[in-house]
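# Observations on chain architecture
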Amino acid sequence: MIERINSPRDLAALNSEQLEQLAAEIREFLIEKVSKTGGHLGPNLGVVELSIALHRVFESPNDVILFDTGHQSYVHKILTGRAKDFDKLRQRGGLSGYPSRKESSHDVIENSHASTCLSWADGISKGFELSGQKNRTVVAVVGDGALTGGMSWEALNNIAADKDRQVVIVVNDNARSYSPTIGGLAAHLSTLRLTKGYEKFLDFGKAVLKATPVVGDPLYSAVHGMKKGIKDFIAPQGMFEDLGLKYYGPIDGHNIAELEDALKRAKGFGGPVIIHCITEKGRGYQPALEDEAERFHAVGVVNPETGLPVKKGGTSWTKVFGDELVEIGKENPKIVALTAAMMGPTGLSKFQANFPERTIDVGIAEQHALTSAAGLAFAGMHPVIAVYSTFLNRAFDQLLLDVAMHKAGVTLVLDRAGVTGDDGPSHHGIWDLALGGIVPTLQMAAPRDSHTLREELREAVKVSDAPTLIRFPKGEAIESVPAVRRQDGLDILLEGSNDLLIISIGAMAKLAVDAAKLVGATVVDPRWVKPVNPALVELANSYKKVLVIEDGIKHGGIASTLAEHGVVAESIGIPLEFIEHSNRDEIFNDLGINAQTIAARMQHLVRGI
Ligand SMILES: Cc1ncc(C[n+]2csc(CCOP(=O)(O)OP(=O)(O)O)c2C)c(N)n1
């Protein structure tokens, strides 16, 4: 069946049995392919029927189908003629794990950061209206997790204001982000879920009453007028309708006929509509359904039969952090851990198991997390916010004004800093040092190994009158890059024989030491990169040549901060561009951040001494 689908138009000819068969084949296909490449298996298994129904009812790309976050767009890719490319999913030169304009005219948002889709839908539909592009419906598929992000509500507020707007919002409600979605909104959705049958009741009432002569029509209108009252009785917080959005649901997100029926009604409605679908994350794949923690939200390479990882990795930076935070939490009752819907991936599950009352999941709400943390600090706690580096970007204002300007004792722990690889341009954690570099009062450390991560984390949580930030990369931690000695807060990693000093930032240390050995340079790890340690400036100025190696963007990075302090240095870092998905080593090689290129650069510098 899959081979027969080269474009969404090919779906039109299929009868309901064939559609069921196609759905089953797509599930098998996803399990087979994603188990080989890694990717977002659980979310995509949950949207098979939904994606088929969307592409049968709407005419993409004339109608615009948007996926919030974009991690659940694999089925959409299959239906839009890209099944043949799945062997290279998330690999160099292959399919992106998110929608990609380069790949298809059916893809619009090059996303991966959550909760933006409704704003896109608002803008696109407004644009269609203003430019006279009638008959173009905008469909936004948004998860219950993504709905916990503030932007979603800012957008709904705008979409609801225009009663004629051709926007269909499909809430893909699987009750989970990575783990179960939390908060008042989740509770509300679960109340709505219990109202199943409510719309059917109204439809039944409509048919019966309309068939009743003379009194039927007025009576139907009266009942219809009571609709909100009935709904409020059944589901006391009809939030979407209170916002002024037509709500339809809940419907079975795995029943293609029911989905199509709802989507057709929404398409014909002529104004903004919410279709509330109930789906199951990981549907049809037993290992995913048994994964209570995350339902195979994102997996590496796994055995498709068992779902178990093919390669067992060593201890990750994430685990080193998570374990140490538990130890710190035992000693210090003021420590409170915050996550933005990523308890497991940021290493906080163990802290949560030990101190549930001191662990807070705020939902996909990084901005809120920062400001709420400032509040916690004011109230006498020491919040530790664990977040992927890339997701801090959107909370810059909160970091700057709510946290830093208030000198709040908040510790930010940035995982997946630097080049991350297969998740593509929007997932690299390469802006953190440059952004943090322009925030007054913020102190930043970049640990080079497990030992310094533990040590610097302990130092960070001791600071109570300023925010602190610790950043480390994705993957397996480097156990130890030993220092020859510590001098005025600086770690000297290698004593050289010539006049070249390498300033190595964080996890670049091993590479820096290996390359420096080849040319006899000195290597220093400043440990805390902000504020700039005067001892580092003094040391650097006693050398003839200085090279800074960092895995953040060069522009505004540590080398340019040091320049502000009078240190003239060459720099190796990330250029100011969006870097395509690929594995990390390939990206580093492309950028010339590997032992050979660094050694060659050092040799060149040494020759100039
Ligand atoms: C701003 C931001 N923070 C965190 C994440 C990490 N993340 C990716 S998907 C996801 C959960 C999304 O849940 P939902 O929208 O319900 O989609 P589902 O996977 O359940 O279909 C999270 C937290 C992100 N993509 N963007």
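Note that the structure is a prediction, hence the values are computed from the model and not measured.

Reading the values: the criteria
Residues numbered from 1 in each chain as written. Predicted model: local features only at pLDDT ≥ 70, side-chain atom pairs only at ≥ 80, totals over all residues. Heavy atoms only, no water. Pairing = 2+ DSSP bridges. Helix = DSSP H or I, 4+ residues; strand = E, 2+ residues; numbered from the N terminus. Axes fitted to C-alpha atoms, helices over the stretch in contact; angles between N-to-C directions. Contact = heavy atoms within 4.5 Å. pLDDT = per-residue confidence, 0-100. Near = heavy atom within 4 Å. Polar contact = N/O pair within 3.5 Å; in protein donor to acceptor, adjacent residues only side chain to side chain. Areas by Shrake-Rupley, 256 points an atom, 1.4 Å probe, with all protein chains shown as cover. Phe/Tyr/Trp six-rings, centres within 6.5 Å; stacked < 30°, edge-to-face > 60°. Buried < 20%, exposed > 50% of the residue type's maximum accessible area, 1.4 Å probe, protein only. Lys NZ or Arg CZ within 6 Å of the ring centre and 35° of its normal. 1 Å grid on protein atoms, 1.4 Å probe; cavity = no way out; pocket = protein on both sides within 12 Å on 5 of 7 lines; lining within 4 Å. Points joined across faces, edges and corners; volume = space filled by probe spheres on them. Nonpolar A, V, L, I, M, F, W, Y, C, P; charged D, E, K, R; others polar. Salt bridge = Lys/Arg side-chain N within 4 Å of Asp/Glu carboxyl O. Right-handed = clockwise from strand over helix to strand, strands pointing away. Disulfide = S-S within 2.5 Å.

Moving on to the sheet that holds strand β1 (residues 64-67). A sheet is described by the order of its strands in space; here 5 strands give the open sequence β1-β2-β3-β5-β4, paired in parallel fashion. Only two strands of the sheet have a single partner each, and these edge strands are β1 and β4 (246-252). Sheet twist, expressed as the mean angle between neighbouring strand axes with direction ignored, is 20 degrees. In this sheet, strand β5 (residues 273-278) lies alongside β4 in parallel orientation, the contact comprising 5 bridges. Looking at β5, one finds that K246 is bridged to V273. Sheet strands touched by helix α12 (residues 256-269): β3 (167-173), β4 and β5. Its angle to β4, the strand with the most contacts, is close to 170 degrees.

The subject of this paragraph is the confidence of the model for the chain. Fine structural detail should not be taken from predicted coordinates in areas where pLDDT scores are low. Looking at the chain as a whole, its pLDDT mean stands at 92, while 93% of the residues score no less than 70. With pLDDT under 50 throughout, residues 218-230 is counted as low confidence; its partners more than four residues away or in other chains account for 14 contacts.

On to the site of the ligand. The full set close to the ligand counts 23 residues, and H71, S112, G145, K281 and E366 are the nearest of them. S112 is positioned with one of its backbone polar atoms (N or O) 2.8 Å from a nitrogen atom of the ligand. The backbone of A146 places a nitrogen or oxygen atom 2.9 Å from an oxygen atom of the ligand. Within the complex, the protein chains bury 98% of what would otherwise be the 590 Å² of accessible surface of the ligand.

With that settled, the discussion passes to the sheet that holds strand β10 (residues 443-445). The strand order across the open sheet formed by 7 strands is β7-β6-β8-β9-β11-β10-β16, and the pairing between neighbours is mixed. Edge positions in the sheet fall to β7 (359-361) and β16 (528-530), since each has one partner strand and no second. In this sheet, neighbouring strand axes are inclined to one another by 25 degrees on average, regardless of whether the strands run parallel or antiparallel. Bridge analysis of strand β9 (residues 411-415) against strand β11 (residues 468-471) gives 4 bridges, and the strand direction is parallel. Note that in β11 the partner of L414 across the bridge is R471. Strand contacts of helix α16 (residues 366-378): β6 (335-339), β7, β8 (382-388) and β9, with the helix running at about 165 degrees to β8, the strand carrying the most contacts.

Taken as a whole and judged by the stated rule, the model has 10 aromatic pairs. Look at F321 and F472: their rings are 6.3 Å apart centre to centre, the planes differ by 40 degrees, and that puts the pair in the tilted class. With F321 in helix α14 (residues 317-331) and F472 in the loop between β11 and β12 (485-487), this pair connects stretches of sequence that are 151 residues apart. F472 sits in the buried class, given a relative accessible area of 1%. Arranged with centres 6.2 Å apart and planes meeting at 50 degrees, the rings of W431 and F578 form a pair that is tilted. With W431 in the loop between β9 and α19 (432-437) and F578 in the loop between β18 (570-574) and α24 (584-591), this residue pair connects regions lying 147 residues apart in the sequence. On the basis of relative accessibility, which here comes to 65%, the residue F578 falls in the exposed class. Taken together, the ring pairs in this structure connect F29, Y74 and F86 into an aromatic cluster. Sitting above the plane of the F355 ring, R358 keeps its charged end 4.3 Å from the centroid.

Next up on the list: empty space enclosed by the protein. Tallied over the entire structure, the rule returns 3 cavities of 30 Å³ or more. Computed from the structure, the largest cavity encloses a volume of approximately 50 Å³. The element best represented in the lining of the largest cavity is β1, accounting for 3 residues. By residue class, the composition of the lining of the largest cavity is 6 nonpolar, 3 polar and 1 charged. For the second largest cavity, the calculated volume is near 40 Å³. Those elements giving two or more residues to the lining of the second largest cavity turn out to be β16 and α23 (558-564).

Let us now look at the pattern of salt bridges. Inspection of every chain in the model, using the stated rule, returns 44 salt bridges. In this structure, R165 engages D122 in a salt bridge whose closest nitrogen and oxygen atoms are separated by 2.9 Å. With R165 in the loop between α6 (150-159) and β3 and D122 in helix α5 (residues 117-130), this residue pair connects regions lying 43 residues apart in the sequence. Of the residues examined, D122 reaches a relative accessible area of 9% and is grouped as buried. Because the salt bridges share partners, they merge into one network encompassing R448, D449, E455, E456, E459, R486, D491, D525 and R527.

Right, let's get into the pairing of β1. Two faces make up the sheet, and in a regular strand the side chains alternate between them. The alternating pattern of β1 places V64 and L66 on one face and I65 and F67 on the opposite face, and all of these are buried. With 4 bridges connecting them, β1 and strand β2 (residues 138-143) associate as parallel partners. Opposite V64, over in β2, you have V138 as the bridge partner.

Its location among the elements puts Y388 in strand β8. Since its relative accessible area comes to 6%, Y388 is described here as buried. Sequence separation between Y388 and L414 is 26 residues; the distance between their C-alpha atoms is 5.2 Å. Beyond its immediate chain neighbours, meaning those up to four positions away, Y388 contacts M342, P345, T346, D415 and R416.

Once that is clear, we can look at the pairing of β11. Side chains of β11 alternate between two faces, with T468 and I470 and L469 and R471 buried alike. Pairing between β10 and β11: 3 bridges, direction parallel. Bridge assignment links M444 to a residue of β11, and that residue is L469. The β-α-β motif built from β10, the intervening helix α20 (residues 450-462) and the parallel element β11 has right-handed crossover chirality.

It is worth spelling out the state of the cysteines at this point. Taken as a whole and assessed by the stated rule, the structure comprises 0 disulfides. No disulfide involves C117; its sulfur sits 13 Å from the nearest other cysteine sulfur, which is in C277.

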